[in-house]
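The lines below spell out each chain.
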There are 4 protein chains.
Amino acid sequence: MTASKNKARIPVQKRSIETREKILNAAWELFAEKGYFKTNTNELAERAGIATGSFYGYFNNKKEVGIELMRRFYKEASEKALSNFYIQIGNNVAENLDTGRKLVRFIIKSLKESHAINPMLHKETTALILLDEDVRKISKEEDKKIITFLITFLQQYKQLIRVDDIEAAAIMLFRISDEIIHRIMINKEEIEEERLLGELEDMICSYLFITVT
Amino acid sequence: MTASKNKARIPVQKRSIETREKILNAAWELFAEKGYFKTNTNELAERAGIATGSFYGYFNNKKEVGIELMRRFYKEASEKALSNFYIQIGNNVAENLDTGRKLVRFIIKSLKESHAINPMLHKETTALILLDEDVRKISKEEDKKIITFLITFLQQYKQLIRVDDIEAAAIMLFRISDEIIHRIMINKEEIEEERLLGELEDMICSYLFITVT
Amino acid sequence: MTASKNKARIPVQKRSIETREKILNAAWELFAEKGYFKTNTNELAERAGIATGSFYGYFNNKKEVGIELMRRFYKEASEKALSNFYIQIGNNVAENLDTGRKLVRFIIKSLKESHAINPMLHKETTALILLDEDVRKISKEEDKKIITFLITFLQQYKQLIRVDDIEAAAIMLFRISDEIIHRIMINKEEIEEERLLGELEDMICSYLFITVT
Amino acid sequence: MTASKNKARIPVQKRSIETREKILNAAWELFAEKGYFKTNTNELAERAGIATGSFYGYFNNKKEVGIELMRRFYKEASEKALSNFYIQIGNNVAENLDTGRKLVRFIIKSLKESHAINPMLHKETTALILLDEDVRKISKEEDKKIITFLITFLQQYKQLIRVDDIEAAAIMLFRISDEIIHRIMINKEEIEEERLLGELEDMICSYLFITVT
DNA sequence: AATGAATGAGAATTCATTCAT
DNA sequence: TATGAATGAATTCTCATTCAT
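All residue numbers refer to position in the chain's written sequence, counted from 1. The lettering of chains begins at A and the numbering of ligands begins at 1, in the order of writing. Only residues with pLDDT of at least 70 get local features here, since the model is predicted, and only at 80 or more are side-chain atom pairs given and counted; chain-wide, interface and lining totals rely on the full set of residues. Computation of side-chain values covers all heavy atoms of the structure but excludes hydrogens and water.

### Overview of the interface of chain C and chain D
When the parts of a complex come together, some accessible area is lost, and that lost area is often used as the size of the interface. Throughout, a residue-residue contact means that at least one pair of heavy atoms, one from each residue, lies within 4.5 Å. The interface of chain C with chain D comprises 40 residues on the first partner and 40 residues on the second. When chain C packs against chain D, close to 3,900 Å² is buried across both sides, 61% of that on carbon and sulfur atoms. One side-chain nitrogen of Lys or Arg within 4 Å of one carboxyl oxygen of Asp or Glu is enough to make a salt bridge. Across the contact surface, chain C and chain D share four salt bridges. Taking the shortest distance from any N to any O, the salt bridge between Arg195(D) and Glu167(C) comes out at 2.9 Å. Counted as a polar contact is a pair of N or O atoms within 3.5 Å, where, for protein atoms, one must be capable of donating a hydrogen and the other of accepting one, and residues adjacent in sequence contribute only when both atoms are in side chains. Across the chain C-chain D interface, the total number found is six residue pairs in polar contact (both at pLDDT 80 or more). Secondary structure elements are defined from DSSP: runs of H or I of at least 4 residues count as helices, runs of E of at least 2 residues count as strands, and each element is numbered from the N terminus. Among the secondary structure elements, those contributing two or more residues to the side of chain C that touches chain D are α6 (119–131), α7 (133–156), α8 (166–187) and α9 (193–208) of chain C. When residues of the side of chain C that touches chain D are assigned to their parent elements, the largest contribution, eleven residues, is made by α8(C). Side-chain classes are defined by residue name, with Ala, Val, Leu, Ile, Met, Phe, Trp, Tyr, Cys and Pro counting as nonpolar, Asp, Glu, Lys and Arg as charged, and the others, Gly among them, as polar. Residues that form the side of chain C that touches chain D fall into these classes: 17 nonpolar, four polar and 19 charged. Here the quantity called buried area is the accessible surface, traced with a 1.4 Å probe, that two parts lose on coming together, added over both.

### Details of the protein's contact with DNA strand E
One heavy atom within 4 Å of a molecule or strand makes the whole residue count as near it. Surveying the vicinity of DNA strand E reveals 33 residues, the closest of which are Asn40(A), Arg9(C), Thr19(C), Tyr58(C) and Thr41(D). A breakdown of the atoms of DNA strand E within 4 Å of the protein gives sugar and phosphate a share of 69%. Interatomic distance of 3.2 Å between a backbone N/O atom of Gly53(C) and a base nitrogen of DNA strand E. A distance of 2.7 Å separates a phosphate oxygen of DNA strand E from a polar atom in the backbone of Thr41(D). Only α3 (52–58) of chain A, α3 (52–58) of chain B, α1 (14–33) and α3 (52–58) of chain C together with α3 (52–58) of chain D provide two or more residues apiece to the surface near DNA strand E. Of the residues belonging to the surface near DNA strand E, the class tally is seven nonpolar, 19 polar and seven charged.

### Describing the interface of chain A and chain B
If you look at the interface, chain A gives 40 residues, while chain B gives 40 residues. Roughly 3,900 Å² is buried in total at the junction of chain A and chain B, and carbon and sulfur atoms are behind 60% of that figure. In terms of surface lost to chain B, no three residues of chain A exceed Leu130(A), Arg175(A) and Met203(A), which account for 17% of the buried area on that side. Counting only elements with at least two residues in the side of chain A that touches chain B, the list comes to α6 (119–131), α7 (133–156), α8 (166–187) and α9 (193–208) of chain A. Partitioned by chemical class, the residues of the side of chain A that touches chain B number 17 nonpolar, four polar and 19 charged.

### Side note on the environment of Ala77(D)
As for its placement among the helices and strands, Ala77(D) is situated in helix α4 (residues 62–88). Each residue touching Ala77(D), except ones within four places of it in the same chain, is listed here: Ser114(D) and Ile117(D).

### As for the packing of aromatic side chains
Any two aromatic rings considered together are summarised by their centre-to-centre distance and by the angle between their planes. Side-chain rings of Phe, Tyr and Trp (the six-membered ring for Trp) are treated as a pair once their centres are within 6.5 Å; stacked means planes under 30 degrees apart, edge-to-face means over 60, and tilted covers the remaining angles. Summed over all chains, the structure comprises 30 aromatic pairs over all chains. Relative to Phe73(C), the ring of Trp28(C) has its centre 6.0 Å away and its plane inclined at 35°; by these criteria the two rings are tilted. Of this pair, Trp28(C) sits in helix α1 while Phe73(C) sits in helix α4 (residues 62–88), and the two are 45 residues apart along the sequence. By relative accessible area, which is 23% here, Trp28(C) ends up partly exposed. An angle of 40° between the planes, with centres 5.1 Å apart, marks the rings of Phe153(C) and Tyr157(C) as tilted. Each of the two residues, Phe153(C) as well as Tyr157(C), counts as buried. Each residue in the set Phe31(A), Tyr36(A), Phe37(A), Phe31(B), Tyr36(B) and Phe37(B) is aromatic and connected to the rest through ring pairs, giving one cluster. Here Lys62(B) stacks its cationic end above the ring of Tyr36(B), 4.7 Å away from the centre of that ring. Type-normalised accessible area, obtained with a 1.4 Å probe on protein chains alone, sets the label of each residue: buried when under 20%, exposed when over 50%, and partly exposed for intermediate values. Ring-over charges, as used throughout, are those where CZ of Arg or NZ of Lys falls within 6 Å of the ring centre and within 35 degrees of the ring normal.

### Notes on the nonpolar core
To form a nonpolar core, buried Ala, Val, Leu, Ile, Met, Phe, Trp, Tyr and Cys residues must be joined to one another through side-chain atoms within 4.5 Å. Core analysis: the largest hydrophobic core is formed by 74 residues, its most contacted members being Ile176(A), Ile204(A), Leu208(A), Ile176(B), Ile204(B) and Leu208(B). Listing elements by their share of this core, those giving two or more residues are α5 (97–116), α7, α8 and α9 of chain A together with α5 (97–116), α7 (133–156), α8 (166–187) and α9 (193–208) of chain B. Broken down by element, the residue count for this core peaks at 14 residues, all from α8(A). When sequence neighbours within four positions are dropped, the list of residues in contact with Ile204(A) reads Val104(A), Ile108(A), Leu173(A), Ile176(A), Ser177(A) and Met203(B).

### Digging into the relation of the copies chain A and chain B
The fit set for superposing copies consists of C-alpha atoms from residues with pLDDT of at least 70 in both; the fit itself is least squares. It takes a turn of 179° to lay chain A on chain B, together with a shift of 0.0 Å along the axis; the resulting RMSD is 0.2 Å. Look at the turn and shift together and you get a two-fold axis relating the two. Minimal C-alpha distance to the rotation axis in chain A is attained by Ala127(A), lying at 2.3 Å. Of the residues that chain A buries at the interface, 100% are likewise interface residues in chain B, meaning the two copies contact each other through the same surface.

### Observations concerning the side chain of His115(B)
All names here are of chain B. Residue position: His 115 is located in helix α5. Judged by its relative accessible area of 1%, His 115 is buried. Here Asp 178 takes part through its side chain, which lies 2.8 Å from a polar atom of the side chain of His 115. Ignoring any residue separated from it by four or fewer positions in sequence, one finds His 115 in contact with His 122, Asp 178, Ile 181, His 182 and Met 185.

### Thoughts on the relation of the copies chain C and chain D
Each copy of the sequence occupies a distinct position, and chain C is placed on chain D by a rotation of 179° and an axial shift of 0.1 Å, giving an RMSD of 0.2 Å. Both copies share a contact surface, since 100% of the interface residues of chain C are interface residues in chain D too.

### Digging into the packing of helix α6 (residues 119–131) of chain B against α7(B)
Residue and element names in this part refer to chain B. An axis is simply a line fitted to the C-alpha atoms; with a helix, the fit covers only the stretch in contact. Between two such axes, the angle follows the N-to-C directions and lies from 0 to 180 degrees. Contact pair α6 / α7: the axes reach a minimum separation of 6 Å and the direction vectors enclose 115°. Viewed along their axes, α6 and α7 adopt a mutual orientation that is roughly perpendicular. In this structure, the crossing between α6 and α7 has a hand that is left-handed. For the pair α6 and α7, contact is made by Leu 128, Ile 129, Leu 130 and Leu 131 and by Glu 133, Val 135, Arg 136 and Ser 139, respectively. For the contact of α6 with α7, the per-class residue count stands at five nonpolar, one polar and two charged. Oblique is the label for every angle not falling under 35 degrees (roughly parallel), over 145 degrees (roughly antiparallel), or within 65 to 115 degrees (roughly perpendicular). By the definition used in this description, the sense in which the near helix is turned from the far one sets the handedness, with an anticlockwise turn below a right angle giving left-handed and a clockwise turn giving right-handed.

### A word on the protein's contact with DNA strand F
Near DNA strand F, the surroundings consist of 37 residues, among which Arg9(A), Thr19(A), Ala51(A), Tyr58(A) and Asn42(C) are the closest. Sugar plus phosphate, as a fraction of atoms of DNA strand F within 4 Å of the protein: 68%. With respect to DNA strand F, the side chain of Ser16(A) contributes an N or O atom lying 3.5 Å from a sugar or linking oxygen. Mapped by element, the contributors of at least two residues to the surface near DNA strand F are α1 (14–33) and α3 of chain A, α3 of chain B, α2 (41–48) and α3 of chain C together with α3 of chain D. When the residues that make up the surface near DNA strand F are grouped by side-chain class, the tally is eight nonpolar, 21 polar and eight charged.

### Re the domain arrangement of chain A
All names here are of chain A. With domains assigned, chain A is organised as domain 1 (14–58) and domain 2 (69–208). Domain delimitation follows an automatic or database domain assignment. Placing the centre of domain 1 and that of domain 2 at their C-alpha centroids yields a distance of 30 Å. With eleven residues of domain 1 in contact, the opposing surface of domain 2 contributes eleven residues. Between domain 1 and domain 2, roughly 1,000 Å² of surface is buried when both sides are summed, and carbon and sulfur atoms account for 71% of that area. Inspection of the domain 1/domain 2 interface yields one salt bridge. In this assembly, domain 1 and domain 2 are joined by three residue pairs in polar contact (both at pLDDT 80 or more).

### With respect to helix α2 (residues 41–48) of chain D
Residues and elements named next belong to chain D. Thr 41, Leu 44, Ala 45 and Ala 48 are the residues of α2 that are buried. Take α2 and look down its axis: the buried residues cluster within an arc of 95°, on one side only. Looking one or two residues past α2, Gly 49 carries a phi angle of roughly 75°, positive in sign. Arc definition: it is the arc formed by the directions from the helix axis to the C-beta atoms.

This is the structure:
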C-alpha cells in the first residue's frame, strides 16, 4: 500500500516535464475553482488537455497531485518569504526593539502573502491534512522546515527576547499567525482584518520582547 | 426554502425521539472511528439498528447528521466550560492578576476538555467546516456565541486588561487557544504538551494583562 | 483479500432470491453467448433487468457469479447422472460383464449429458479453472465428490474388476472420459463422435474388466 | 486478408531476428511467471529491453506472441520426443509385447517432458486454446501433426495391436495421456504421480495390445 | 412509519495500440 | 527503425438517495 506500484514515470524529457506541468497547472486551477474533492481525474486530464490515461503516466492518483501541489505551495511561500526577508531586514542581527516589531510584522506579512497565493487551494490543503494520513505526514515535514527556520531566526534576536523556550515560541509564532491569517482569508471573521492583525502583532510582540512599545 | 424538500420529520413522540437519538449516537461513534467521509449511510443505519430508508425519516441527508453532531459538540463543550467556570471562578469580578492568569488557564483547560470529548470527531468537523459552506455557516454561528461570551467576560476584567480592542482580543484568545490545543491533540507537535501550553498561557497573559507575573 | 468485505446480501426473502436468480440466469445466458471474460458486470445487470449497483447487492464481483454457476453446473450434472443411474442400472450389484460394459457406457453418457447442458459455459469454466486459483480450488472439491462416488461405485463391482488400485482407476475413469467428451463437444476432433466414444468404451472396459467381450 | 493490417515485419536481418527473439524470450519468462493475461505489453517490451512501440514492429498484437510461443512449445516438445524416440526404440519395427509396453512408456515420458518444459506456460496456453478461436485453430493443426505421427507409428505395430480403428486409437492415446499428465503437473491430483501414471500405462497397454503382460 | 431492495450517476484505473519525433 | 508518450474506450465498484411493499 505504502510503497505501491509506482507506475508513474519520472519525466526527464522536456516534453514529459511540460505535460507534468500542464497537469499541475490544471490541478492548481481546478482545486482553486471547485476544490480538491470535487475535482476528478477525468476533469483534471481534460483541463490539462491530455487523455484520461495520460494522467496516470505522471501521477498514480489524484492525491499525489495534491501532495505535489502542497509541496510547491509551501516552497513558493517560504521562498518568497525568505527572499523578501533579507531584502527588508537585511543580514544584520537586529539591534533594537523597532527591528523586533518589524520582524514580527514581516513574518505576518509573509504568511499572509503565502495564503494569498491561492486561498481556496490552501483551504483544501488544510482539509486534506486533517483527513489524510499521508498528506499530514508531508505537511508536518514542511512545517518542520519553517519552524526550524524560525528557531534559528529567533536565536539571532536572543538578546531582545524574553522567552526562554525558543522552540516552543517558534511553534507558537508560526501556528497562531497561520491560524489568524487563515481565519481572515477564509472564514471572514466578523471583524476587520487590520484590527485582528494589529492585535496579533501586539500579542506576539508583548510575548516575545522585553518591553512593548 | 424553495429547493429544500425537508421531508424529515421533527419527531415529537417519544419513540421517534429515541430513534433520532440512536442515529446520532451511531454517527458519533462511527465518525469517531472512521471519520465522516468514510462512513456511509448504510453503516450508519445499521449501527443505529434501523433500516437504511428509515434514516431519511429523521434526516434529509448525511450532512444534516454531521451538522447536528457539530452543534451538540459545541453545546456540550461550552456547557461544560460554562458550568465549570462559575464553580471555579465564581460570579465575582476578578480583582487581581492572579485571577487573570487563573482565567486564562481556565479558558485553555476548558477548550482542551472540549477537544478531548471526541478528538477524531473534532478533526472531522474541522475538515467539514473547511469543505462545506453550510457547515461553515453553522460553525460560525456557534463560534460567535463563544466569542460573544468571551467578550462580555473580558469586559468584566476591564480594569486588569491593557488591550483596547476587546472584541479583537476575544477572537484572538479563542482562535489561538483552539488552534494550539488542536495541534496538540491531533497533529502531535514534536514538542511536549506542557511546554506549548505554558507558552500559550504566557503569551495570552503578557498580551492581556498590564504586568506579567 | 481471501475473506473480503462480503457486502453482498444473503437473500432470504422471496423477492431477493428471485433477483439473485435473475442474475444467475442472465449470467448463464451471457456466459454461454459471449463467454465469461467478454461479459461485464454492466451487461450482466442489464440482462438481468436490474441496475448496475443492484448486482453488487448480490455478488461481490463477476467471479462469484462464475463460481456459483460452476457449482450449479456440477450439481445439476451429477444429480442428473445419479438419478438416471439408479433407474437404469438399479441398486443391485452387477453380476456379469454385460453390466460392466453397461456401467461404462452409462458413465460416459452421463458425463456427455453434463457437458451438453451448456457447452460454452463448460468451456469457459474449464478455462477459468486454469486461470484462477479460487475457482480451481472449488472445482477440485467438486471433482473430489465425483471421484469419491466413482470409487464407492467401482468397489461394488470388485469381483468383476481386475484393477487393484481402485482409487487411481476412478480418477482415470473420470478424467479421461471427461477429456474425450470435452474434445468431442468443443474442439470437434476430426473424427466421428461414435468412433471416439466407442474406443473410449473399449479402452475402459479392457482396462477395468477381466475379459473383454 | 481483408482486415489484417499485418504491419509487423518478418525480420530477415540478424539484428531484427535478435530483437524478435528477445521479445519471445521475455514473453516466455513473463507468461510463465504471471500468465498470459496478467502480462501486459509494456512489461513485455520492458523485459525484452525495447520500447513499447517497437513491439509492434515485430508482432501485430499480444496474441501473436502467444501463438508463436505455443508453436515453439509444440515444436520443442515434439522434436525432443522424436529425436529421443529413435535413439531409444530404434528404427526397427517392434517385434514383441515388451517393445509395445516400452513404446507406451516412452510416449508417456515424452509428453511428460514436454509438459515439464514450462508448466505455467502450458497451462496458460491450454486456457488460451479454450478462449480464443485463432489459438484453437493453431493448436488443432499442431495436435494433428502429433496424431498423424502416432498413427503412422501405431501402424508399424499393427501385428501387435488388437485395435481396428488406428486413427481413433491414436487420438485417444494422445488425448488421455496429455490430460492425465496435465492433471499431474498442474492440478496436483490427490494421488501419487506414479500410481496414476502406472494405471495410465496399464490402461493403454490393455487397450492396445492383444495380451497384457 | 418502517423496511431494505433498487437505483444509476459517478469515480478511479487499466492497457492494447497508435503516432509524432 | 526505434522510441515512449499519448490515447480513450472499457471496466469495476461505490453510495447517497428513492420507492414499492
